[in-house]
Every structure is written in C-alpha cells, then in structure tokens.
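Structural overview for review
Read off the chains here:
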Amino acid sequence: MDGSGPQGQGQGQPGRAADPRERAEEAKPDQLQEDEDISSDYGSRDKPGTALGRTVPDGNALLPDIFHTDRLLFYERFKAYQDYILADCKASEVKEFIAEYLEKVLEPSGWQAVWRTNVFEVVVEVVDVEYWALKAVVRLSEPFLCEAQVSTFTLECMQELLELKERQIPLRELWVVYDESGEFDQTALAVEHVRFFYQHIWRSWDEEEEDDLDYFVRCVEPRLRLHYDILEHRVPSGLVADYQNYLSQGEELYRKFLDVRNSISSSDSDSEVENVSMVEGLQLYEKIEHLKQKLKLIENPLLRYVFGYQKYSGLQAKGQRPTGTKITHVVSSTMMAGLLQSLIRDKLCPESCGEELEIQFHNDPLAAVSACYEGDTVIICPGHYVVDGVFCIADSVELEGYGLPDDIVIEKQGKGDNFVDCTGANVKISNLKFIQHDAVEGILSVHQGKTTLENCVLQCETTGITVRTSAELLMKNSDLYGAKGAGVEIYPGSTCTLLDNGIHHCKDGILIKNFLDEHYEIPKISMVNNMIHNNEGYGVVLVKPTIAFDVEDASAMKGNTQPTLSGDGRACVEGFRQEELPECVADELELYEQIETSEQTEGNYEIANELGAASVKKNQMHKKRLSKLGITEADDNLMSQEVFVSIVGNQFKWNGKGSFGTFLF
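Residues numbered from 1 in each chain as written. Predicted model: local features only at pLDDT ≥ 70, side-chain atom pairs only at ≥ 80, totals over all residues. Heavy atoms only, no water.

Here the focus is the packing of helix α3 (residues 74-85) against helix α7 (residues 215-231). The geometry of a pair of packed helices is captured by two quantities: the angle between their axes and the separation between those axes. The N-to-C vectors of α3 and α7 enclose an angle of 165°; their axes lie 11 Å apart at closest approach. For the element pair α3 / α7, the angle class is roughly antiparallel. Relative to α7, α3 is oriented so that their crossing is right-handed. Residues F74, R77, F78, Y81 and Q82 of α3 form the contact with α7, whose own contacting residues are F216, V220, E221, L224, R225 and Y228. The class makeup of the residues in the contact of α3 with α7 is seven nonpolar, one polar and three charged. (Axes fitted to C-alpha atoms, helices over the stretch in contact; angles between N-to-C directions. Helix = DSSP H or I, 4+ residues; strand = E, 2+ residues; numbered from the N terminus. Parallel < 35°, antiparallel > 145°, perpendicular 65-115°, else oblique. Left-handed = near helix turned anticlockwise from the far one by under 90°. Contact = heavy atoms within 4.5 Å. Nonpolar A, V, L, I, M, F, W, Y, C, P; charged D, E, K, R; others polar.)

Quick look at the sheet that holds strand β27 (residues 502-504) now. If you walk across this open sheet you meet the eight strands as β12-β15-β18-β21-β24-β27-β30-β35, and the pairing is parallel. Every interior strand has two partners, whereas the edge strands, β12 (383-387) and β35 (651-653), have only one. Neighbouring strand axes in the sheet, compared pairwise and without regard to direction, differ in orientation by 10° on average. For strand β21 (residues 457-459) and strand β24 (residues 479-481), the ladder comprises three bridges, and the chain directions are parallel. Note on β24: the bridge partner recorded for Q459 is Y481. (Pairing = 2+ DSSP bridges.)

The next point concerns the pairing of strand β26 (residues 495-499). Summarising burial for β26: four of the five residues are buried, a large majority. Relative to β26, strand β23 (residues 472-476) runs parallel, the two being bridged by five bridges. Each bridged residue has a counterpart across the sheet, and for E472 the counterpart in β26 is T495. Across five bridges, the pairing between β26 and strand β29 (residues 524-528) is parallel. Across the sheet, the residue bridging to L498 is M527, located in β29. (Buried < 20%, exposed > 50% of the residue type's maximum accessible area, 1.4 Å probe, protein only.)

Here we take up empty space enclosed by the protein. The final tally for this structure, using the stated rule, is two cavities of 30 Å³ or more. Approximately 50 Å³ is the volume attributed to the largest cavity. Residue lining of the largest cavity: F67, T69, L174, W175, V176, A188, V191 and R195, and that is the complete set. For the lining of the largest cavity, the secondary-structure elements that each account for two or more residues are β8 (174-176) and α6 (185-201). (1 Å grid on protein atoms, 1.4 Å probe; cavity = no way out; pocket = protein on both sides within 12 Å on 5 of 7 lines; lining within 4 Å. Points joined across faces, edges and corners; volume = space filled by probe spheres on them.)

Right, let's get into the sheet that holds strand β19 (residues 444-446). Overall, parallel pairing links the eight strands, which are arranged β13-β16-β19-β22-β25-β28-β31-β36 in an open sheet. Only two strands of the sheet have a single partner each, and these edge strands are β13 (391-393) and β36 (658-664). On average, each strand axis in the sheet is inclined to that of its neighbour by 15°, with strand direction left out of account. Pairing of strand β25 (residues 486-490) with strand β28 (residues 508-512), which is carried by four bridges, proceeds in the parallel orientation. Residue E489 lies in a different strand from β28, and its bridge partner there is L511.

Looking at the element boundaries, H329 is found in strand β9 (residues 327-331). Taking the relative accessible area as the measure of exposure, H329 reaches 0% and is therefore buried. Among residues more than four places away in sequence, those in contact with H329 are R321, Q360, H362, A368, A371, C372, D376, T377, V378 and I379.

Compared with the 24 Å implied by 1.5 Å per residue over 17 residues, the 23 Å span of α7 between its first and last C-alpha is a close match. With a side-chain oxygen positioned 2.9 Å from the backbone nitrogen of F216, the residue opening α7 is D214. Just downstream of α7 lies H233, where phi reads positive at about 60°. (Expected span 1.5 Å × (residues − 1). Polar contact = N/O pair within 3.5 Å; in protein donor to acceptor, adjacent residues only side chain to side chain.)

Structurally, V119 can be placed in the loop between β3 (111-116) and β4 (120-130). Judged by its relative accessible area of 37%, V119 is partly exposed. For the pair V119 and A148, spaced 29 residues apart in the sequence, the C-alpha separation amounts to 5.8 Å. Those residues within four positions of V119 in sequence are excluded, and the remaining contacts are E147, A148, Q149 and F153.

Coordinates in, geometry out; function isn't part of it.
See below:
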C-alpha cells in the first residue's frame with residue numbers, strides 16, 4: 001500500500017456527501033470501473049448475493065457469523081469518508097453529515113447484530129435506528145444467544161440491562177450478522193465506517209477546532225494515512241508508542257478541562273475560587289494545545305521523519321568482565337585450516353598482540369556481539385550472514401571484518417525498528433557490509449558515545465545513519481546508498497565527522513535537524529572529501545523554522561555570516577573555532593591542494609555559509625533571551641557555541657534538487 005488515495009470530491013449537492021445508491025443508479029456503461037469501485041465499498045443491489053466476506057466467531061459455535069468488514073483497504077475507507085460520508089464538512093458538522101449518510105444507507109430494521117462489550121457478546125435484533133444519536137433500538141434475539149466471561153449474564157439479566165439503556169445501543173458496538181443475500185451489505189459497511197471513525201479518527205476536541213477548514217483534509221486524511229502506515233510497519237514502534245501516549249494524555253487533560261470549564265460556567269460568583277479555576281483552565285488548555293501540535297507532527301508524513309522523536313535507549317553496558325579479561329570473538333560459518341592459519345598469522349598471533357589472547361568461536365555475528373564485554377573484539381570472517389535481530393552495542397567493542405567489505409556481508413531479515421544500535425563510549429566498526437530489509441528506522445543509530453565507522457558498505461532500506469543528540473560519529477572511507485530518507489541524519493548537539501565517503505541514491509544525502517530551538521545545542525559538523533551524488537533531493541538539507549527576526553538582528557548578522565575561502569581553498573565562516581579541528585580531520589586537510597573545481601567550491605561554500613548564518617542566528621536569539629532576563633554580559637563559553645564547520649573537498653553531482661537546500665517549517 002503506497003498510502004495514495006483518490007482525490008475527487010463526492011457528487012451530489014454542493015457541500016453534501018453523495019448517496020452511493022444514487023451514484024450506482026446514475027452510472028453509465030462507460031463508467032464500469034467506477035461501478036466496480038462503488039460496489040467494492042458498498043455492495044451492489046443489482047447483483048445477487050453479498051460482495052462481502054464472513055468472519056466466524058472464535059471459540060463459540062452458538063454465535064452466528066458476522067460480516068468481515070474490519071480489514072478494508074486504505075482507498076476503500078478514503079473513498080467512503082470523502083465521497084459518501086464527510087465530503088467538505090466542517091468539524092462542527094461531522095455528526096450531522098454522518099447521520100444524513102446513515103439515513104441514506106442504513107436499513108432501519110429487520111437485521112441482526114452481535115452486541116459486543118468487554119465482558120459479553122449477545123445476539124440482538126434491530127427494530128429501529130436513532131440516526132442522530134448514532135444508536136440502534138434493539139431487542140434480544142430468539143433463541144437467546146450469549147457468550148460471557150461470567151455466568152451471571154442470563155436472559156433476565158440481559159433484559160434488565162437493555163431496559164436500563166432504554167434498548168438503545170451505540171452502533172459502534174454492533175457487528176452485523178452475515179447474510180448471503182447482499183441486502184445488508186451497505187448496512188454492515190456503514191456500521192463499520194462509523195465504528196472505525198470514532199475509534200481511530202475522531203478526537204474529543206475536534207469539534208472545538210477552527211471551522212474554516214475542510215475537516216476531511218485537515219484531520220481525516222492524515223490520521224487515516226497514519227493508521228495504515230502503522231498497520232504496514234512504516235512507523236517506528238517508539239513513535240507509535242509516543243503517539244498513543246500523547247492521545248491518552250490529551251483525552252485525559254481534555255476531560256479535566258471540560259470539568260473546569262463547566263464548573264466556571266455554572267458559577268455566578270466572582271470569587272477567588274473561580275479565579276483559581278480560570279487559571280487552572282488556561283494551564284490545561286496550553287497543555288492540550290502542546291499535545292495537539294505533537295500529534296499533528298506525527299500525523300504529517302513529512303514532518304514525522306524530519307523531526308523524528310527522542311528515543312530512549314534502554315541499552316545497559318556490561319562493563320568489564322568480573323575476571324578482568326578481554327576476549328577476541330571469531331565469527332565464521334565454517335572454519336577451514338587455511339583461514340585459521342591466516343587468522344593466527346594476521347590477528348591472533350601473541351607476538352603481534354603483545355599478550356596471550358583468549359578466543360571464542362561463533363557462527364553467528366549477533367551471538368558474538370551479545371557475548372561481548374568492555375574492550376572485546378569481534379573478528380568476522382568472509383561469508384554471508386543472515387541475522388534476525390538487532391545489534392545492540394552498549395560497551396566499547398570493536399567489530400572488524402577480516403577481508404574486504406563485499407566479502408563479509410551481514411544481512412537483516414524480518415521486520416524490526418533498528419539494525420545496529422550503538423551507545424558504547426568508543427565503538428569501532430570496520431570492513432563490513434550491512435544490508436537492511438523491512439526496517440522502519442535507519443540502518444545504524446548512534447544514541448550516545450562515539451562510533452567510528454571505517455571502510456564499510458551500508459545498503460539501506462529506510463533512513464541511513466542517525467547521529468542522536470550528544471552522540472558522535474566518525475565515518476571514513478565508507479559507502480552508503482539506498483535510503484528512502486536521508487543517508488545521514490544529524491541531530492542537534494551531536495558531533496559528526498565525514499571523511500572520504502560516498503553517499504548516493506538516497507532521498508537526500510545528509511539532513512541536519514533544526515537546532516535553533518532554545519533547548520538545543522549546535523551540532524559540530526565536519527565534511528571532507530565526500531562524494532555526494534545521485535540523490536533524489538538535495539545533497540545536504542538543513543531543517544530550520546521560519547522565524548521572523550528584528551531588523552537589528554538581521555543587520556548584526558550581515559557582518560558575521562559571509563564565509564571566506566582560506567588559502568587552502570576550504571570554506572570557513574568567521575568566528576568558527578577552527579582550533580578545535582580533530583586531529584584526524586587536520587591530517588586529511590593537509591593533503592588537499594588550494595584549487596577546487598567551480599562546482600565543488602560553490603557547493604562547499606554554500607553549505608558553510610548557511611550553517612554559519614544559522615549559527616549566528618542562534619547566538620542572536622540567545623543574546624536576546626539573556627537580555628530580556630537582564631543579563632548583559634554572558635559567559636564566554638556559553639556564547640561561543642558556534643557550529644564547527646570544515647567543509648572542503650566535497651563533490652556534489654547529479655543530485656535532483658542541487659547540492660544544498662533548506663526545509664522551512
């Protein structure tokens with residue numbers, strides 16, 4: 001499922017959803033495909049028999065089969081809500097539109113349903129429908145058919161319960177009993193659409209949203225797409241958990257807000273208690289608005305991945321072994337004598353190591369990494385290893401391929417969020433090829449500590465490498481390609497050094513997340529002699545907000561953001577802390593000549609300029625905040641947070657949108 005859906009509006013009266021029966025009656029012979037779409041959603045009265053499947057109840061042969069409607073495709077639900085149910089209604093009109101839709105398609109009586117709750121299921125017969133209340137008037141079927149978790153739900157008990165409810169049951173609690181005639185297909189689907197809408201689309205606060213926008217476009221479509229993205233494992237499990245948590249918090253806060261608002265409106269006094277209630281109400285309102293913004297970010301398929309989420313990594317380091325020893329783990333599917341001799345000569349010889357080695361042999365690289373403690377080394381011999389799991393590296397260990405990367409392949413099978421998770425203080429990975437399949441998150445995530453990746457090949461599926469806040473990545477002489485997101489994602493407050501790499505055939509080459517928020521620190525970024533090419537979008541993308549600045553801020557920035565080309569041809573921004581250049585980067589820079597091609601110079605210059613401007617803008621914002629607090633002389637260390645940039649020798653070729661771009665939100 002690609003998440004795409006039809007965009008045409010429903011026919012019929014302007015502003016009203018079309019009647020599916022009218023659509024079917026008005027259809028002409030040359031509209032055969034449209035007829036098929038309609039019948040797939042609603043059944044066809046012109047064809048004998050039902051067009052829907054049936055579901056057999058689990059564990060109880062007494063209950064009848066029901067219509068199989070809970071696994072409709074995305075486009076079927078999309079078409080139903082857009083063309084037949086909601087059309088271009090406003091949030092305040094949703095209930096009215098649904099009621100009108102039900103009046104058109106729902107049989108008013110003569111059908112049976114299974115009434116389901118958390119504790120029982122009972123067969124009822126519908127004798128009338130209260131369309132505007134979204135309820136059915138029911139009576140118990142004859143014979144009495146009931147399945148319950150406790151034996152107290154007798155016929156008399158159920159009769160009494162129905163009397164208490166005035167025999168009116170919410171439609172969303174009814175599952176229509178299967179009928180082969182096809183007469184109740186539209187009824188079954190209508191009940192399903194109502195149930196799905198109130199379970200997965202509608203929010204308690206929707207009715208109070210601004211009414212000047214189309215509710216379907218603003219709320220229904222993004223929430224429907226998110227629902228199917230989650231079903232198809234396209235959303236990280238951590239983000240799904242965040243979304244559900246935000247929903248629960250929002251519903252709870254909104255209930256409290258309504259209670260406070262009702263208590264204020266029912267009081268005629270201007271007492272201190274009422275004033276306290278008003279303050280509490282405002283605080284609750286602000287919290288609800290904040291949660292709603294978080295939900296909207298996740299519901300937006302673009303912003304969802306641009307902003308990501310702060311994932312908690314529960315990886316716990318083991319530390320050193322109780323014995324204090326360090327072990328070399330050798331991984332090989334089969335160990336031949338010649339391979340063993342080469343290993344002893346090159347890697348396991350005591351003379352070259354300086355001390356006696358303790359060696360363990362494995363045939364699975366995942367098992368070898370899981371057995372590691374602080375300071376261990378894993379040597380992986382040539383072979384193609386298929387793993388079903390996640391490499392969780394929480395200690396300072398080294399993974400080394402014995403040979404060329406293309407000869408030592410680690411391929412992930414099975415669905416899952418991550419492939420390689422690093423939180424160790426000093427993790428080193430070299431001479432390996434990773435192939436990712438059916439993933440939701442990137443191929444490698446550095447959550448904390450430092451990870452060095454050298455001479456590796458990364459064949460991605462979703463995003464590539466993610467460098468989280470406070471983490472550090474040094475990537476050298478490696479090749480990364482195939483990411484449906486960015487090849488490398490750099491979070492605020494991280495350190496990322498890229499030397500002599502190829503990043504290509506991704507959606508974007510490198511994505512630098514927004515760091516202008518007052519809570520974020522500026523990332524430190526070095527890019528030297530990388531080849532960034534054939535990406536669908538930009539070579540490098542900077543995410544930043546569309547913030548309006550005062551005139552004095554803009555003028556203050558003008559004199560500080562223009563980069564200059566130094567004598568060796570590198571693009572620098574005045575004020576950057578070049579003395580903090582890592583030794584490995586400084587050594588690399590000595591190898592380059594002063595002359596670059598015009599394309600290289602322009603790309604490197606543009607990136608350094610934009611990052612420098614963003615850095616100065618960050619400092620201007622920070623100074624302004626301090627000034628409002630009455631602080632006129634800031635700590636030098638605090639104010640010297642400038643983006644550390646070394647952009648030199650990089651080549652940007654054949655990227656769809658150019659070498660550099662900004663994403664404004």
